[in-house]
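# Examination of the molecular architecture
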Amino acid sequence: MEDMEMEVAPVSSEASVIVVSESGSSTEEEDVPMQVQGPSERPRLSARRVVRRRHISLLGSHSQFSTHEGRMRRLRELIVENLAERLSGSQDAQRSVPRLNPPPLDPEPSSSRTAAAANVLTSDESSATGSSVSTEAEGTRAAAQQETEPVSESEDPVTAAASPAGETEADEGEGETCSICFEPWTTAGDHRLAALRCGHLFGYICISRWLTSGGNKCPQCNKAAKRGHIIFLYARKLKALDNAEEVRLKSRLELEQGSRRMEQLEVAQCRQQMQLMVDENVRLRKEVEELRRWKAQAAFGGSSQGASLSSSQRQDSSSGGHYVFSKAVLVSQTGGSRVLSYCEPLGCLLASQPSPQATLVPGFGVKKISTATLKPSQYVPIHSKQIRGLAFSRHQDSLLLSAALDNTIKLTSLMTNTVVQAYNTGRPVWSCSWCHDNNNYIYAGLANGSVLVYDTRDTSTHVQELAPLRSSCPVVSLSYIPRAASSMFPCGGLIAGTLEGGCFWEHMEGTTYTPHILPLESGNCTNIQVESDSRHCLVTYRPGRANPSVRCVLMELSRTPQTDSSPPPVCSCSPVQTFIAGSSCKLLTKNAVFKSPAGEGATLVCAGDEATNSTMVWDAGTGALLQKMPADLPVLDICPFGVNQSSYLASLTEKMLKVYKWE
């Protein structure tokens, strides 16, 4: 047989076969050689049809190949072995390469063609085997193509892998902060996590303020919302600041601060009580020393004045009675109290003081102190500056007349605690008084020495001015004596006391007044008080060169008899008794003269002693010192009053009010 030639012809892009032709073949098929055609020129025949036609041509010339049977078998074996090697190497390469870089298709079409040719060069027995091998090769290639196609058609694997991570980071940025304040919400406290019915999340305090301030919609979706729609959320995986420990510490801090304030208040109260005890101790020590001194004077024949005072005290203690300390009332913690008065219809004492709440209610007013319980009840604001005078009418109940350094006098109703009438005097007012003969008139003593007369029915201005007769010194005291108070002194009028002396303005009719200069010492007078029933007045003189001690002189008012031929009567006064107090008088204190609670027509005189910080009580008839009641500070004003057929005496200092009961 002639030599054989092997041609490799690709049939299609999907499968390739190896065609073996023999030179000098007598068959018709061999005269038509297989040529390599392009994809657009060759007929698209399947691999199975090419193999079938070549198999028929080989069967027709079987007799020619019989002499070369061993040679062909050897060629077939080599082709099969080569195909097996190629397939095993291709599978190993596919397993070793990662999915992200799929293996390319076999670039050598000759190997595939060689593998397909092995299926063609078979006999009747080996044709089935060749077909199975070709089919297996096609299945392997199709599987490899299916594995590589999803990767090649999809996105870039790196981009596909990075995309979920970016979305996760964006999601993690959400759900951590409130969309109103952009601050992280917490698991406890005011900014804890809360939600509306629409599902949007906010800090509780932010959404609560949003809905309270007029927003009636959700800040994110504009759905209708209100405070009742707010609910708290409890999420396990929600990122929130754990401030439970902070809230707990804040609550503990508030409790500690509250307890500290309570302790400070208790400490302040204890200090105040300790100060009161110290003052009481000092007072008791002074009393003990004074008693020891009096005892020594009585035992060794001391001065006659000391012996007479001791005997007077013993006689008064055994027969008449004395004042016993009842209670001390704190009026003003900062001081500033000045004058004292008693309102019998309401049953209360009134003490002037600065406002206890100066930042809220500045100025000055009076504090009510119940005489039934001896407890302060309330503060009534009246003036803007210090009050220097208080007076009550005998006919108009609960109507208080007050004078202050703010150039005004005011009428205040204690029933409603409101000012009902105010008069502008143009100058600081040092004293005031009611007209007890005509309740429509009131008086104001000014700093220039003049006295203004006001009619309560005229709210515009004063109706008359009583000009000073001597120097222009402040009118420190005003006292009105009603008509027919005494047969020896039937006229009524106003006694005005200044630092230079005193003057009696006799009230004639209407607004007509006649002045009478009282024969008093000039230059040292500090106060004049009147006891109208006994026509006595108490004049207080401060220490001077001739008299180194404070003197309280009790004087009796008198009037010359009036006849038709005689000149107009003259009102005057004459001294009756003199009482010696301490050696210091820096303040313009107000003393008192009143009927003794013991009765029998006796009169008591009370004055404050700045040297010993005490209240001294004398018998006006005998001039004997009855009692000396200590105080913590200098006594500024003294006021006797009666409650339920019991007699009391109140003494006022800058801070305290002490009440004594007559027993």
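The written sequence of each chain sets the order in which its residues are numbered from 1. Two thresholds apply to this predicted model, a pLDDT of at least 70 for residue-level local features and 80 or more for giving and counting side-chain atom pairs, whereas whole-chain, interface and lining totals are computed over all residues. Side-chain metrics rest on all non-hydrogen atoms present in the structure, leaving aside hydrogens and water.

### Some points on the overall build of the chain
The secondary structure content of the chain amounts to 10 helices and 33 strands. The rule is simple: take the accessible area with a 1.4 Å probe, protein chains only, and divide by the maximum for that residue type; under 20% is buried, over 50% is exposed, in between is partly exposed. The burial tally for the chain puts 40% of its 663 residues in the buried class. Of the contacts formed within the chain by residues at least 6 apart in sequence, a portion of 48% connects residues at least 24 apart. Helix and strand definitions here come from DSSP, where helices need a minimum of 4 consecutive H or I residues and strands a minimum of 2 consecutive E residues; each element is numbered from the N-terminal end. Any two residues having at least one pair of non-hydrogen atoms within 4.5 Å are treated as being in contact.

### Examining the pairing of strand β17 (residues 451-455)
Of all five residues in β17, five are buried; the element is thus mostly enclosed. One ladder, built from five bridges, connects strand β16 (residues 441-446) with β17; its direction is antiparallel. Its bridge partner being in β17, Ala444 is matched across the sheet by Leu452. Should DSSP find at least two bridges between two strands, the strands are regarded as paired. Counted along the chain from β16 to the antiparallel partner β17, the turn is four residues long, and its residue Gly449 has a positive phi close to 95°. Of the pairings in the sheet, the one linking β17 to strand β18 (residues 464-466) comprises three bridges and is antiparallel in character. Counterpart to Leu452 in the pairing with β18 is Glu465.

### Thoughts on the confidence of the model for the chain
Summing up the model confidence of the chain, the mean pLDDT is 76 and the portion of residues at 70 or higher is 71%. Segment residues 55-66: pLDDT under 50, and 15 contacts once partners within four positions in sequence are set aside and those in other chains are kept. pLDDT: the predictor's confidence for each residue, scored from 0 to 100. Across residues 97-171, confidence stays below pLDDT 50; counting only partners more than four residues off in sequence or on other chains, it has 63 contacts.

### Things to note about the nonpolar core
The criterion is simple. A nonpolar core is a set of buried Ala, Val, Leu, Ile, Met, Phe, Trp, Tyr and Cys residues joined through side-chain atoms within 4.5 Å. Core analysis: the largest hydrophobic core is formed by 18 residues, its most contacted members being Ile495, Leu520, Val539 and Met555. Only β23 (525-531), β24 (536-541), β25 (551-559) and β26 (571-580) provide two or more residues apiece to this core. Residues in contact with Met555, not counting those within four places in the same chain, are Pro519, Leu520, Arg535, His536, Cys537, Val539, Tyr541, Cys573, Ser574, Pro575 and Val576. In terms of nonpolar packing, the next biggest core, distinct from the first, is built from 16 residues, Val329, Tyr342, Leu349 and Leu652 among them.

### Considering the layout of surface pockets
Estimated volume of the largest pocket: approximately 1600 Å³. Only protein atoms enter the calculation, which uses a 1 Å grid: trapped sets of points that fit a 1.4 Å probe without letting it out are cavities, open sets showing protein on both sides within 12 Å along at least five of seven lines are pockets, and any residue with an atom within 4 Å of a point is a lining residue. Residue lining of the largest pocket: 46 residues in total, with Tyr342, Arg394, Val530, Cys639 and Pro640 positioned closest to the centre. At six residues, the largest contribution of residues to the lining of the largest pocket is made by strand β31 (residues 637-643). Grid points are joined across faces, edges and corners, and a volume is the space filled by probe spheres set on the points.

### Side note on the packing of aromatic side chains
Note on ring pairs: Phe, Tyr and Trp rings are taken, using the six-membered ring of Trp, and paired if centres are within 6.5 Å. Classes follow the plane angle, with under 30 degrees stacked, over 60 edge-to-face and the rest tilted. By the definition in use, this model includes nine aromatic pairs. Where Tyr443 meets Tyr480, the ring centres are 6.0 Å apart and the plane angle is 15°; that geometry is what we call stacked. Placement of the pair is Tyr443 in strand β16 and Tyr480 in strand β19 (residues 475-481), with a sequence separation of 37 residues. With respect to class, Tyr443 is no different from Tyr480; both count as buried. Aromatic rings pair up to connect Tyr342, Phe641 and Tyr648 into one cluster.

### Observations concerning empty space enclosed by the protein
The tally for this structure, following the rule as stated, stands at six cavities of 30 Å³ or more. Roughly 200 Å³ of internal volume is contained in the largest cavity. Every residue lining the largest cavity is counted, 16 residues in all, and those nearest its centre are Pro468, Leu469, Arg470, Thr498 and Cys503. Amino acid classes used here: Ala, Val, Leu, Ile, Met, Phe, Trp, Tyr, Cys and Pro are nonpolar; Asp, Glu, Lys and Arg are charged; the rest, including Gly, are polar. Tallied by class, the residues present in the lining of the largest cavity amount to nine nonpolar, five polar and two charged. Contributing to the lining of the second largest cavity are Arg338, Val339, Arg388, Trp430, Val476, Thr526, Asn527, Leu588, Thr589 and Lys590.

### Some points on the sheet that holds strand β10 (residues 376-383)
If you trace the four strands from one edge of the open sheet to the other, you get β7-β8-β9-β10, paired in antiparallel fashion. Two strands lie at the open edges of the sheet, namely β7 (340-343) and β10, each paired on one side alone. Taken pair by pair, the neighbouring strands of this sheet meet at an average axis angle of 30°, ignoring direction. Examined bridge by bridge, strand β9 (residues 364-370) and β10 share five bridges and lie antiparallel to one another. Along β10, the bridge assignment pairs Phe364 with His383. Every axis corresponds to a line fitted to the C-alpha atoms, with the helix fit spanning only the stretch in contact, and the corresponding angles, defined between N-to-C directions, vary from 0 to 180 degrees.

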